[in-house]
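# Tertiary structure, described
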Amino acid sequence: MILSHNLPRGNPPDRIAVRVKDKGARALRQGHPWLFEDSIEKISRDGKPGEVAVVFDQDKAVLGAGLYDPSSPVRVKVLSFGPSKIPVGPELFRKLCLEAKQLRDGKISADTNAWRLINGESDAFPGMVADKYADVLVLKVYTPAFIPWLGDIADALFELYPELRRLAIRFSREIQRMPDEVRFGLIDGTLLAAGSPAWDGAVQFLENGIIFEADVKSGQKTGFFLDQRDNRAAVGELAKGAGKVLNLFSYSGGFSLYAARAGAAEVYSVDFSKHAIAAASRNFALNGNDRNIAACKHFGITGDAFAVMNELDKDKKLFDIVIVDPPSFAKSAAEKDTAIKSYARLARSAVKLIRKNGILIFASCSSRICADELFEVVHQVAAAADRPLDEFSRTSHAADHPAKFKESNYLKCMYARV
Ligand code: SAH
């Protein structure tokens with residue numbers, strides 16, 4: 001495949017042997033793909049990121065194989081379990097990519113051409129995701145262990161999805177700071193395009209028939225929040241005939257477009273990133289052929305959601321639907337209490353802006369706070385503000401975002417009538 005021609009390809013000279021303590025052996029036997037540094041008893045030699053590590057128990061039985069990562073407490077990202085016949089390499093990547101594809105086959109609607117092809121550890125790629133936007137493949141890497149193999153992984157996906165013609169490589173902040181040789185000279189936002197070298201990273205795609213544009217070179221995550229697709233579709237149903245809809249933390253207006261297409265008269269998108277609000281306006285413009293979207297009055301507000309809510313409250317504005325989809329407030333366990341306070345503050349302000357019988361949609365992507373704990377707080381806060389909630393639905397991960405492990409389960413969303 002020409003596109004991935006210059007990407008690194010793994011060619012491991014010799015493997016690292018890792019002997020683990022009982023704790024690590026137990027985790028691997030249960031199929032857990034993270035081998036922590038403190039579970040390692042002995043290691044044959046130190047290795048570079050992405051070298052193949054074979055993991056043994058105390059009796060020298062093979063527990064699995066994976067990629068070595070000296071930069072992380074998760075020292076080995078385990079890719080296969082037990083004495084696998086397929087060594088870590090192109091053939092294994094092809095097998096894992098195919099399994100991920102089979103999991104999604106038939107689950108994406110015909111008028112959607114953007115979805116997640118590989119969802120990290122839940123698709124046996126601990127520390128990497130792959131998203132597809134029309135003909136663009138985005139590989140987002142969170143551990144340097146995958147970098148030496150990017151060419152092999154890209155080839156496997158190009159083979160399975162022949163419509164792919166362009167490729168973007170995205171790196172986590174940690175990787176961006178790593179030395180050039182660890183990154184194989186690649187930088188965050190590296191773009192490769194077959195036949196159109198002037199590509200700037202903008203790509204148009206369809207989600208349930210709505211046209212969106214993503215910036216895969218420098219947009220948040222891989223350019224769009226694909227994980228909220230089903231919740232956006234649900235908003236499209238709930239917003240039928242709605243008057244005013246408020247979309248807080250809107251990013252590029254995902255929920256807003258669905259509300260507008262459903263016929264909402266006015267939609268407010270609020271985000272503190274001016275790029276996000278500009279993208280939201282562009283996405284409205286792209287859908288000018290849709291009568292409802294063209295007729296909807298869209299207000300893009302660049303600002304802090306908390307401050308904007310105060311202003312709207314002062315102006316005595318009331319909405320039929322308020323969507324709250326903040327970034328993760330709890331990035332570490334230590335931040336959990338402050339995060340819950342922030343969610344509570346958000347919920348308190350949000351319910352005040354909803355008219356009687358209106359709808360609150362409250363999402364969270366903090367894996368450290370579970371749905372029950374979070375939504376209990378939302379209910380309490382709403383009741384205390386004299387806006388008790390009648391919850392009618394609660395959702396979690398979509399089919400293209402499988403969550404196999406407790407740690408992978410981050411997305412939760414509740415729907416309630418006020
Ligand atoms: N609902 C969106 C995704 C939201 S991601 C979708 O469906 O695509 C969270 C967004 O919140 C990001 O765009 C980020 O820029 C924005 N954000 C973070 N903190 C904010 C704040 N205090 N006020 C307003 N926006 C904020």
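Since the model is a prediction, treat every value here as computed from it, not as a measurement.

The rules behind each value
Residues numbered from 1 in each chain as written. Predicted model: local features only at pLDDT ≥ 70, side-chain atom pairs only at ≥ 80, totals over all residues. Heavy atoms only, no water. Buried < 20%, exposed > 50% of the residue type's maximum accessible area, 1.4 Å probe, protein only. Helix = DSSP H or I, 4+ residues; strand = E, 2+ residues; numbered from the N terminus. Pairing = 2+ DSSP bridges. Near = heavy atom within 4 Å. Polar contact = N/O pair within 3.5 Å; in protein donor to acceptor, adjacent residues only side chain to side chain. Areas by Shrake-Rupley, 256 points an atom, 1.4 Å probe, with all protein chains shown as cover. Nonpolar A, V, L, I, M, F, W, Y, C, P; charged D, E, K, R; others polar. Domains from an automatic or database assignment. Phe/Tyr/Trp six-rings, centres within 6.5 Å; stacked < 30°, edge-to-face > 60°. Lys NZ or Arg CZ within 6 Å of the ring centre and 35° of its normal. Axes fitted to C-alpha atoms, helices over the stretch in contact; angles between N-to-C directions. Contact = heavy atoms within 4.5 Å. Parallel < 35°, antiparallel > 145°, perpendicular 65-115°, else oblique. Left-handed = near helix turned anticlockwise from the far one by under 90°.

Moving on: the pairing of strand 1 (residues 16-20). The alternating pattern of strand 1 places Ile16, Val18 and Val20 on a buried face and Ala17 and Arg19 on a face that is not buried. Summarising the sheet, strand 1 and strand 4 (residues 52-56) pair through four bridges and their orientation is parallel. In the sheet register, Ala17 faces strand 4, and the bridge partner there is Val54. Examined bridge by bridge, strand 1 and strand 3 (residues 40-43) share three bridges and lie antiparallel to one another. Bridge pairing links Val18 to Ile43 in strand 3.

Our next topic: helix 6 (residues 254-261). A large share of helix 6 lies buried, amounting to seven of its eight residues. Listed in full, the buried residues belonging to helix 6 are Gly254, Phe255, Ser256, Leu257, Tyr258, Ala259 and Ala260. Taken from the residues just after helix 6, Gly263 is the one with a positive phi, measuring 110°.

Turning our attention to the site of the ligand. Among the 15 residues in the neighbourhood of the ligand, the closest are listed as Arg232, Asp271, Asp304, Ala305 and Asp325. In this structure, an oxygen atom belonging to the ligand sits 2.8 Å away from a side-chain N or O atom of Arg232. With the chains in place, 93% of the 590 Å² that the ligand exposes on its own is no longer accessible. Of the residues in the shell around the ligand, the class split is seven nonpolar, four polar and four charged.

Domain boundaries in the protein chain define domain 1 (16-81), domain 2 (89-204) and domain 3 (225-417). Spacing between the C-alpha centres of domain 1 and domain 3 amounts to 41 Å.

In this section: the packing of aromatic side chains. Inspection of the entire model under this criterion finds 15 aromatic pairs. Where Phe205 meets Phe224, the ring centres are 5.1 Å apart and the plane angle is 75°; that geometry is what we call edge-to-face. On the criterion of sequence distance, the pair formed by Phe205 in strand 12 (residues 202-207) and Phe224 in the loop between strand 13 (210-215) and helix 5 (229-238) is long-range, its members being 19 residues apart. With respect to burial, Phe205 and Phe224 carry one shared label: buried. Clustering of aromatic rings is evident, with ring pairs tying together Tyr133, Phe205, Phe212, Phe224 and Tyr258. We note Arg261 situated over the ring of Tyr258; from NZ or CZ to the ring centre the distance is 5.7 Å. If you follow Arg345 out to its NZ or CZ, it ends over the ring of Phe306, 4.3 Å from the centre.

A separate point is the sheet that holds strand 2 (residues 34-36). In spatial order, the strands read 2-6-5-4-1-3; together these six strands make up an open sheet with mixed pairing. A strand with exactly one partner marks an edge of an open sheet, and here the two such strands are strand 2 and strand 3. Taking each pair of neighbouring strands and ignoring which way they run, the sheet shows an average axis angle of 35°. Sheet contacts for helix 1 (residues 22-29): strand 1, strand 2, strand 4, strand 5 (62-68) and strand 6 (74-81); angle to strand 5, the most-contacted strand, approximately 90°.

Right, let's talk about the environment of Gly288 for a bit. Inspection of the secondary structure puts Gly288 in the loop between helix 7 (274-286) and helix 8 (291-295). The spacing of Gly288 and Ile211 is 77 residues in sequence and 9.9 Å in space, taken between C-alpha atoms.

Structurally, Ser256 can be placed in helix 6. What makes Ser256 buried here is its relative accessible area of 0%. Those residues in contact with Ser256 that sit more than four places away from it in its chain are Asn247, Val267, Ser269 and Phe284.

Helix packing geometry: the angle between the two helix axes and the distance between the axes. Contact geometry for helix 6 and helix 7: axes closest at 10 Å, N-to-C directions at 30°. What the angle tells us is that helix 6 and helix 7 run roughly parallel. Considering how the two elements wind past one another, helix 6 and helix 7 form a crossing that is right-handed. Where helix 6 abuts helix 7, its residues Ser256, Leu257 and Ala260 lie against Ala280, Asn283 and Phe284. Considered class by class, the residues forming the contact of helix 6 with helix 7 number four nonpolar, two polar and no charged.

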